[in-house]
Amino acid sequence: MIQTERALQQVLEWGRSLTGFANEHAVEAVRGGQYILQRIYPSLCGTSARTGRDPQDETLIMAFYRELALLFWLDDCNDLGLIAPEQLAAVELALGQGEPCALPGFGGCAVQRASLAALAYDSRDYAQLLDDTRCYCAALRAGHAQAAGAERWSYAEYLHNGIDSIAYANVFCCLSLLWGLDMATLRARPVFRQVLRLISAIGRLQNDLHGLDKDRSAGEADNAAILLLQRYPAMPAVEFLNDELAGHTRMLHRVMAEERFPAPWGPLIEAMAAIRAQYYQTSPSRYRSDSAGGGQRAPA
């Protein structure tokens, strides 16, 4: 697999064409991308005979890392105001439609979308990625707006939006597009859609629980625990969310035990369920909860 430093430099070079892009976006994309690809590498080797897609193909790997960096950057564009609202609207439109951005300063968006369109093993995955990007951007906007508004969502509304804003569907679709994982066909199965919602809900709860201290100190309200405590100050919110997380995890395990999905979906879902312990805990900046984390907040 491509060496970490070289991969990081390539993502940073591409990211220079995006206003507001920071080193952290590249660092976390490469770290997260490596974690996922290492966990599913044996399965990808098994599928390569069918697809002809090499798990060590640097072109595919770098396209995956860039897409992860794009998701981190979009998250911070919403939460930290890295770019002006009119710029963000133009970027979201371009990324969701697969067209060049109408404003200067965002050439990397068109580069990434053109690259994925050309690399797509199945064109249905590229069309779905555009749709998933539109959903992700809409969820980020909605979460930011409700956190800043006077009327708070219910927990159910928050979790419904959070399933899209965690962006797991985007990650899975990008992997499928690059390595021929047939996600477009799998999405037609209700049980696969159930798994996708369960793992996304798990990801949202893990993210919010892990980032609670940072979100609270930063005055960030787009967090399930903070939302619940605002509505119900005496509620044991963390205990409730840990119970919710355990319940969603049990349901996911039951479905995965009863159903068989083609490689590498089993290891991939397991990897994403374990990401809190295996990736969040070791992140040097974005996810760490202690003083070594540099004071960065966890992403939406």
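Relevant structure appears above.
Draft legend 1. Quick look at the overall build of the chain. A tally of regular secondary structure across the chain gives 15 helices and 0 strands. Against the 2.2 N^0.38 benchmark of 19 Å for 300 residues, the chain shows a C-alpha radius of gyration of 18 Å, consistent with a compact globule. Projected onto its principal axes, the C-alpha positions of the chain cover 55 × 50 × 35 Å. Classification of the 300 residues of the chain by burial places 55% in the buried group.

Draft legend 2. Spotlight on the packing of aromatic side chains. Tallied over the entire structure, the rule returns 8 aromatic pairs. Seen in terms of ring centroids, W73 and F106 are 6.1 Å apart; in terms of plane orientation they differ by 45 degrees. Their pairing is tilted. With W73 in helix α3 (residues 58–79) and F106 in the loop between α4 (85–97) and α5 (107–119), the pair connects residues that are 33 residues apart, well separated along the chain. Judged by relative accessible area, which is 0%, W73 ranks as buried. Among the aromatic residues, those joined into a ring-pair cluster are Y168, F172, F192, F261 and W265.

Draft legend 3. Molecular detail of the pattern of salt bridges. Throughout the structure, instances matching the rule amount to 11 salt bridges. When the shortest N-O distance is used, the salt bridge between E92 and R141 registers 2.4 Å. Placement of E92 in helix α4 and of R141 in helix α6 (residues 123–148) is noted, with a sequence separation of 49 residues between them. Between E259 and R189 there is a salt bridge, with its nearest N and O atoms 3.1 Å apart. In this pair, E259 is assigned in the loop between α13 (237–258) and α14 (265–273) and R189 in the loop between α9 (183–186) and α10 (190–210), connecting sequence segments 70 residues apart. According to the relative accessible area criterion, E259 is partly exposed, its value standing at 26%.

Draft legend 4. Inspection of helix α1 (residues 4–15) at higher detail. For α1, spanning 12 residues, the distance from its first C-alpha to its last is 16 Å, which sits close to the expected 16 Å at 1.5 Å a residue. Within α1 the residues assigned to the buried category are A7, L8, V11, L12, W14 and G15. For α1, the buried positions fall inside an angular range of 160 degrees around the axis, keeping them on one side. In this structure, the buried side of α1 is in contact with α2 (23–51), α3 and α5.

Draft legend 5. Main features of the nonpolar core. Counting residues in hydrophobic clusters, the biggest one holds 101 residues, and the most contacted among them are F64 and W73. In terms of residues, this core owes the most to one element, α3, which gives 14 residues. Apart from the residues within four sequence positions on either side, F64 is in contact with G33, I36, L37, V171, C174, L175, L178 and W179.

Draft legend 6. Seen up close, the layout of surface pockets. Roughly 290 Å³ of internal volume is contained in the largest pocket. Lining of the largest pocket is provided by 16 residues; of these, I163, D164, A169, R187 and L196 occupy positions nearest its centre. Contributions of two or more residues to the lining of the largest pocket are made by α6, α7 (155–165), α8 (168–179) and α10.

Draft legend 7. Fine view of the state of the cysteines. Under the definition given, this model contains 0 disulfides. Looking at C77, it has no disulfide partner, and the nearest cysteine sulfur is the one in C109, 8.6 Å off. Classification of C77 as buried rests on a relative accessible area of 2%. Cysteine C174 is unpaired, with the sulfur of C173 as its nearest cysteine sulfur at 7.7 Å. Residue classification places C174 among the buried residues on the basis of a relative accessible area of 1%.

Draft legend 8. Expanded view of helix α12 (residues 224–231). What α12 keeps buried is the set A224, A225, I226, L227 and L228. Of the surrounding elements, those touching the buried residues of α12 are α6, α7, α10, α11 (212–218) and α13. Sitting at the amino-terminal end of α12 is N223, which places a side-chain oxygen 2.9 Å from the backbone nitrogen of A225.

Rules used throughout
Residues numbered from 1 in each chain as written. Predicted model: local features only at pLDDT ≥ 70, side-chain atom pairs only at ≥ 80, totals over all residues. Heavy atoms only, no water. Helix = DSSP H or I, 4+ residues; strand = E, 2+ residues; numbered from the N terminus. Rg over C-alpha atoms; globule rule 2.2 N^0.38 Å. Buried < 20%, exposed > 50% of the residue type's maximum accessible area, 1.4 Å probe, protein only. Phe/Tyr/Trp six-rings, centres within 6.5 Å; stacked < 30°, edge-to-face > 60°. Salt bridge = Lys/Arg side-chain N within 4 Å of Asp/Glu carboxyl O. Expected span 1.5 Å × (residues − 1). Arc of directions from axis to C-beta. Contact = heavy atoms within 4.5 Å. Core = buried A, V, L, I, M, F, W, Y, C linked by side-chain atoms within 4.5 Å. 1 Å grid on protein atoms, 1.4 Å probe; cavity = no way out; pocket = protein on both sides within 12 Å on 5 of 7 lines; lining within 4 Å. Points joined across faces, edges and corners; volume = space filled by probe spheres on them. Disulfide = S-S within 2.5 Å. Polar contact = N/O pair within 3.5 Å; in protein donor to acceptor, adjacent residues only side chain to side chain.

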